[in-house]
Amino acid sequence: MSDSVMHDKGSKGVSRRRFIAGTSSILGAVALAGHPTAAQAKAAAAAAPIDPGAHVPVLVIGTGYGGSVAALRLAQAGIDVHMIEMGMAWDTPGSDGKIFCNTTSPDYRSYWLRTKTKQPISNFLGFPIDKNIPRHTGILDAEEMGGIIVYQGRGVGGGSLVNGGMAVTPRRENFGAVLPSVNADEMYGTYYPRANAGLGVSTIDPAWFDTVDCYQYARVGRKHAQRSGFPFIFVPDVYDWDYMKQEAAGTVPKSAVAGEILYGNNHGKKSLQQTYIAQAKATGKVTISPLHKVTSVAPAAGGGYTVVIDQINTNGDTTTTKTVTADKVFFAAGSVGTSKLLVKLKATGALPNLNSETGKGWGDNGNVMCGRANHLWDPTGKVQSGIPCSGIDNWAAGGAFAEVAPLPTGIETYASFYLSITKNPNRAQFSWNAAAGKVDLNWQTAWKQASIDMAKTIFDKINAKEGTIYRTDLFGTYKIWGDHLTYHPLGGAVLNKATDNYGRLHGHPGLYVIDGSLIPGNTSVNPFVTITALAERNIEKIIATDL
């Protein structure tokens with residue numbers, strides 16, 4: 001292992017190479033200028049973590065979709081914002097020259113504080129594929145709770161770092177079931193378009209799709225869907241399709257075409273780092289503290305809120321505990337992070353006025369995975385883009401929307417792979433376990449059966465038509481369904497229940513929720529565009545009325 005791995009930023013040691021590189025660049029900038037300019041001084045301050053005892057107008061907990069929207073719009077309104085992020089900045093290459101590791105070779109960068117990988121597909125051709133890795137503040141958190149594994153992004157940019165970038169706006173006829181208290185005309189007329197523009201959403205060129213090797217798997221998925229009478233749709237994404245065309249042509253470094261998805265994407269993907277966060281930083285009014293974790297928020301004697309924050313190193317150890325004051329606090333730590341924090345703060349008396357809806361309405365967006373074994377005349381290709389671009393829509397008839405997903409193993413598998421989003425009605429609740437000093441989730445594994453039944457409305461029919469079978473080697477021994485996980489945690493601080501209709505928390509003025517915990521368990525499609533659009537709606541109202 002190289003010294004740069006052993007001593008990554010935030011740990012007690014700093015590698016000699018990194019120290020020399022870092023100091024030489026700083027000294028070079030100073031030498032060029034003679035003395036630091038105001039802009040350089042401001043940039044240096046922006047890179048420094050929050051100081052103990054600091055007072056900030058707005059503190060945002062988390063740097064995912066909701067938090068990034070809030071930070072940008074508040075900054076544009078002239079308000080100074082400090083963002084707290086538990087994960088790393090992901091702005092420094094490793095010893096291989098890349099920021100992120102590849103899907104097929106997870107290393108210390110892959111998982112959040114694990115010593116063994118916890119891959120969504122645990123087995124292949126009868127063999128377990130998880131492997132030992134050094135414990136590190138890696139990019140993907142596989143958090144096990146209540147009989148479900150919740151996959152979450154860790155780092156500046158949150159879930160945008162690790163998702164497939166599928167930027168889907170729900171069908172309008174389904175929106176009333178997603179967010180019943182929100183005006184659909186406003187969302188579809190103003191906030192969805194604003195979110196799609198801010199995220200850089202676009203759709204693959206269908207003519208290119210029809211010819212390129214890396215989407216052979218999706219073309220097989222299309223053929224099988226259409227032969228069984230299901231609508232096949234191209235799904236918008238935040239990937240730079242022009243870059244992917246160059247990847248396929250071999251003229252730029254490969255990223256999606258190299259199968260990158262699960263542990264970050266080195267080129268081409270427009271994560272929040274490239275969109276909302278970049279714009280927010282450019283205002284000069286937003287600063288970010290990576291490797292910081294909020295542990296408490298409580299009313300301050302003189303108004304505002306006292307926030308306690310642990311600074312951690314890349315081993316996950318707390319190195320410093322800081323107390324700061326904020327006039328207003330936005331909870332944007334993701335559905336699980338926000339819900340767990342609020343439930344703990346209510347139960348332990350830090351925020352006693354939060355209402356009884358806190359922690360309720362959590363769902364998994366009906367996620368379930370499966371693979372199908374195709375005939376030899378339907379190869380899916382050994383080169384597969386890690387960025388999905390298409391789906392099978394049986395929502396109206398069967399309660400399922402299936403993403404035609406990549407299986408980027410680097411070999412020909414003759415397998416079609418799918419992530420389904422289903423209309424699963426089951427909702428779980430977070431609660432404080434005082435004896436263990438932690439938050440529990442009462443999800444039940446058996447609740448996934450509804451999702452399996454809905455997904456089967458698509459895949460049983462395709463298998464019957466094609467004379468194919470389900471793969472039984474991907475999720476364990478003779479196990480067809482990946483019913484143990486979710487990529488799309490939603491709910492826990494539901495809009496118009498735990499909060500008012502714009503995310504203001506009841507009982508504590510100046511506290512807001514602005515992330516996926518506002519959405520009660522299901523969006524009918526991949527959720528991040530809806531999370532972003534709802535945040536755009538809510539922050540506009542909050543700036544107009546509360547600030």
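Nothing here was measured: the structure is a model prediction, and the numbers come from that model.

Secondary structure assignment for the chain yields 14 helices and 20 strands. Computed over the C-alpha atoms, the radius of gyration of the chain is 23 Å, within 12% of the 24 Å expected from 2.2 N^0.38 for a compact globule of 547 residues. Considering only C-alpha atoms, the chain reaches an extent of 70 × 55 × 45 Å along its principal axes. Put simply, the chain has 547 residues, and 56% of those count as buried. Restricting to contacts in the chain with at least 6 residues of sequence separation, those with at least 24 account for 71%. Split by element, the accessible area of the chain, about 20600 Å² in all, is 55% carbon and sulfur. With 50 positive and 43 negative side-chain charges, the chain shows a separation of 2 Å between the mean positions of the two kinds.

The next point concerns the packing of helix H6 (residues 184-199) against helix H14 (residues 528-546). For the pair H6 and H14, interaxial distance at closest approach is 8 Å and the crossing angle is 110°. Our classification of the angle between H6 and H14 gives roughly perpendicular. As for the relative orientation of H6 and H14, their crossing is right-handed in sense. Where H6 approaches H14, its residues Glu186, Met187, Tyr191, Tyr192, Arg194, Ala195, Asn196 and Leu199 are matched on the opposing element by Phe528, Val529, Thr530, Thr532, Ala533, Leu534, Glu536, Arg537 and Glu540.

Turning our eyes to something else, we now look at the sheet that holds strand S7 (residues 232-234). Strand order in the open sheet made by the 6 strands is S7-S13-S14-S15-S12-S18, with antiparallel pairing throughout. The open sheet terminates on both sides in strands that have one partner only, identified here as S7 and strand S18 (469-470). This element, helix H8 (residues 216-227), spans S7, strand S12 (368-373), strand S13 (390-394), strand S14 (400-405) and strand S15 (415-422) of the sheet and lies at about 145° to S7. Along the sheet face, helix H13 (residues 449-466) touches S12, S13, S14, S15 and S18 and points at about 10° away from the line of S12.

On to the side chain of Glu403. Tracing the chain through its elements places Glu403 in strand S14. Buried Glu403, no salt bridge; nearest opposite-charge side chain is Lys269, N-O distance 11 Å. Residues contacting Glu403, with those up to four places away along its chain left out, are Met166, Pro388, Ser390, Gly391, Phe417, Tyr418, Leu419 and Asn526.

This paragraph deals with helix H11 (residues 334-347). Compared with an ideal rise of 1.5 Å per residue, which puts 14 residues at 20 Å, H11 spans 20 Å between its outermost C-alpha atoms and is within 8% of the ideal. Those residues of H11 not exposed but buried are Ser335, Val336, Thr338, Ser339, Leu341, Leu342, Val343 and Leu345. Gly349 lies just past H11 and shows a positive phi near 90°.

Scanning all chains against the criterion turns up 22 aromatic pairs. Both rings, one in Phe330 and one in Tyr512, keep their centres 4.5 Å apart while their planes meet at 15°; by these two values the pair is stacked. Placement of the pair is Phe330 in strand S11 (residues 318-331) and Tyr512 in strand S20 (residues 511-513), with a sequence separation of 182 residues. Residue Phe330 shares its accessibility class with Tyr512, and that shared class is buried. Between Trp362 and Phe430 the ring centres are 6.1 Å apart and the planes differ by 80°, which places this aromatic pair in the edge-to-face class. On the criterion of sequence distance, the pair formed by Trp362 in the loop between H11 and S12 and Phe430 in strand S16 (residues 430-433) is long-range, its members being 68 residues apart. Look at Trp362 and you get buried, because its relative accessible area is 0%.

On to the pairing of S11, then. Bridge count between strand S1 (residues 55-61) and S11: 6 bridges; the pairing is parallel. Looking at S11, one finds that Val56 is bridged to Ala326. In the sheet, strand S10 (residues 305-312) pairs with S11 via 8 bridges, with the strands oriented antiparallel. Each residue of the ladder has a partner; that of Asp310, found in S11, is Thr321. Linking two consecutive strands that pair antiparallel, namely S10 and S11, is a turn of 5 residues; a positive phi of about 90° is found at Gly316 within it. Where S11 lies against S20, 3 bridges are found, and the strand directions are parallel. Within S20, the residue paired with Phe331 across the bridge is Val513.

Rules and cut-offs
- Residues numbered from 1 in each chain as written.
- Predicted model: local features only at pLDDT ≥ 70, side-chain atom pairs only at ≥ 80, totals over all residues.
- Heavy atoms only, no water.
- Helix = DSSP H or I, 4+ residues; strand = E, 2+ residues; numbered from the N terminus.
- Rg over C-alpha atoms; globule rule 2.2 N^0.38 Å.
- Buried < 20%, exposed > 50% of the residue type's maximum accessible area, 1.4 Å probe, protein only.
- Contact = heavy atoms within 4.5 Å.
- Areas by Shrake-Rupley, 256 points an atom, 1.4 Å probe, with all protein chains shown as cover.
- Lys, Arg positive; Asp, Glu negative; His and termini not counted.
- Charge placed at Lys NZ, Arg CZ, Asp CG, Glu CD.
- Axes fitted to C-alpha atoms, helices over the stretch in contact; angles between N-to-C directions.
- Parallel < 35°, antiparallel > 145°, perpendicular 65-115°, else oblique.
- Left-handed = near helix turned anticlockwise from the far one by under 90°.
- Pairing = 2+ DSSP bridges.
- Salt bridge = Lys/Arg side-chain N within 4 Å of Asp/Glu carboxyl O.
- Expected span 1.5 Å × (residues − 1).
- Phe/Tyr/Trp six-rings, centres within 6.5 Å; stacked < 30°, edge-to-face > 60°.

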